[in-house]
Amino acid sequence: MALRTSLLSLLIALSLSLAACGASDPNKAKTEALTRAVKAAKKLFERTQTDPMANASFYSVAQMGGTGIHYLVASLPDRDNNPDTIVCYEENKPARPWCVVVKPGPGELEITIDGFGAQLDKPLLSETAKLGAYKRF
């Protein structure tokens, strides 16, 4: 009987421990969505190097006074109703948590894409995208 009780206690403790490990990061889905959004933004900007339509679109936005954020937001696919989908895209600084921020630089023909989580003072991740030079067709 004592062995059965000890075994049952051990199984319960193990189950609780595994459940606690799975719940250790309540923002895991949001962090993954933020990572996907930052990487997708980088890929979108870098397409201006090789895709003539992307290049023309980016520089068309720029010639009308737009910036990288305008190009990015206009180029995003439709967002689904998933609560973990990133919907905040801003220029220079985040307006709220879980936001993708685009700013010029650090170099010429480069754009920095930062992904901010719950804290607005430091991004969780940062990527630099290289832009293609303006091409006349």
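Above this note sits the structure.
A brief report on the enclosed structure follows. Note on numbering: residues in each chain are counted from 1, in written sequence order. For this predicted model, a pLDDT threshold of at least 70 governs which residues receive local features, and a threshold of 80 or more governs which side-chain atom pairs are given and counted, while totals over whole chains, interfaces and linings are taken from all residues. To get the side-chain values, take all heavy atoms of the structure and skip hydrogens and water.

Quick word on the state of the cysteines
Consideration 1: Pairs of cysteine sulfur atoms within 2.5 Å are what we label disulfides. This structure, assessed with the given rule, holds one disulfide.
Consideration 2: Here C88 engages in a disulfide with C99; their sulfurs sit 2.1 Å apart. One quick way to see it: the torsion about the S-S bond of C88 and C99 is about -65 degrees, and its sign makes the bridge left-handed. Note that C88 is positioned in strand β1 (residues 88-91) and C99 in strand β2 (residues 99-104), a separation of eleven residues in sequence.
Consideration 3: The classification of residues rests on relative accessible area computed with a 1.4 Å probe and restricted to protein chains. Under 20% of the type maximum is buried, over 50% is exposed, and intermediate values are partly exposed. The exposure class assigned to C88 is buried, which follows from its relative accessible area of 2%.
Consideration 4: Relative accessible area serves as the criterion here: at 0%, C99 is assigned to the buried category. For the purposes of this entry, the term helix denotes a DSSP run of H or I that reaches at least four residues, the term strand denotes a run of E that reaches at least two, and both are numbered from the N terminus.

As for the environment of R136
Consideration 1: Of note, R136 is situated in the segment after β4 (125-130).
Consideration 2: Of the residues examined, R136 reaches a relative accessible area of 72% and is grouped as exposed.
Consideration 3: Separated by 80 residues in sequence, R136 and A56 place their C-alpha atoms 8.1 Å apart.

Here we look at the packing of aromatic side chains
Consideration 1: Aromatic contacts are taken between Phe, Tyr and Trp rings whose centres are within 6.5 Å, Trp giving its six-membered ring; a plane angle under 30 degrees counts as stacked, one over 60 as edge-to-face, and the others as tilted. Enumeration according to the criterion identifies five aromatic pairs in this entry.
Consideration 2: Consider the rings of Y59 and Y134, whose centres lie 5.4 Å apart with planes at 70 degrees: the pair is edge-to-face. Taken together, the residues Y59 in helix α3 (residues 52-63) and Y134 in the segment after β4 connect sequence positions 75 residues apart.
Consideration 3: The buried category is assigned to Y59, whose relative accessible area is 12%.
Consideration 4: Overall, Y134 belongs to the partly exposed group, its relative accessible area being 42%.

A few points about the nonpolar core
Consideration 1: Put simply, a nonpolar core is a bunch of buried Ala, Val, Leu, Ile, Met, Phe, Trp, Tyr and Cys residues held in one set by side-chain atoms that sit within 4.5 Å of each other. With 24 residues, the main nonpolar core has F45, L72, I86, V100 and I113 as its most contacted residues.
Consideration 2: Of all the secondary structure elements, the ones that give two or more residues to this core are α2 (28-46), α3, α4 (68-75), β2, β3 (110-116) and β4.
Consideration 3: Counting residues per element, this core draws most heavily on α2, which supplies seven residues.
Consideration 4: A contact between two residues is defined here by any heavy atoms of the two lying within 4.5 Å. When neighbours within four sequence positions are excluded, I113 is seen to be in contact with V38, A41, K42, F45, V100, V101, L125, S126, E127 and A129.

Some words on the sheet that holds β2
Consideration 1: By this definition, two strands are paired if DSSP reports at least two bridges between them. Strand order in this open sheet of four strands is β1-β2-β3-β4, and the pairing throughout is mixed. Edge positions in the sheet fall to β1 and β4, since each of these pairs with one other strand and no more. Between one strand axis and the next, the sheet turns by 20 degrees as a mean value, whatever way the strands run.
Consideration 2: Relative to β3, β2 runs antiparallel, the two being bridged by six bridges. In the sheet register, K103 faces β3, and the bridge partner there is T112. All axes here are fitted lines through C-alpha atoms, helices being fitted over the stretch that makes contact, and every angle between N-to-C directions spans 0 to 180 degrees.

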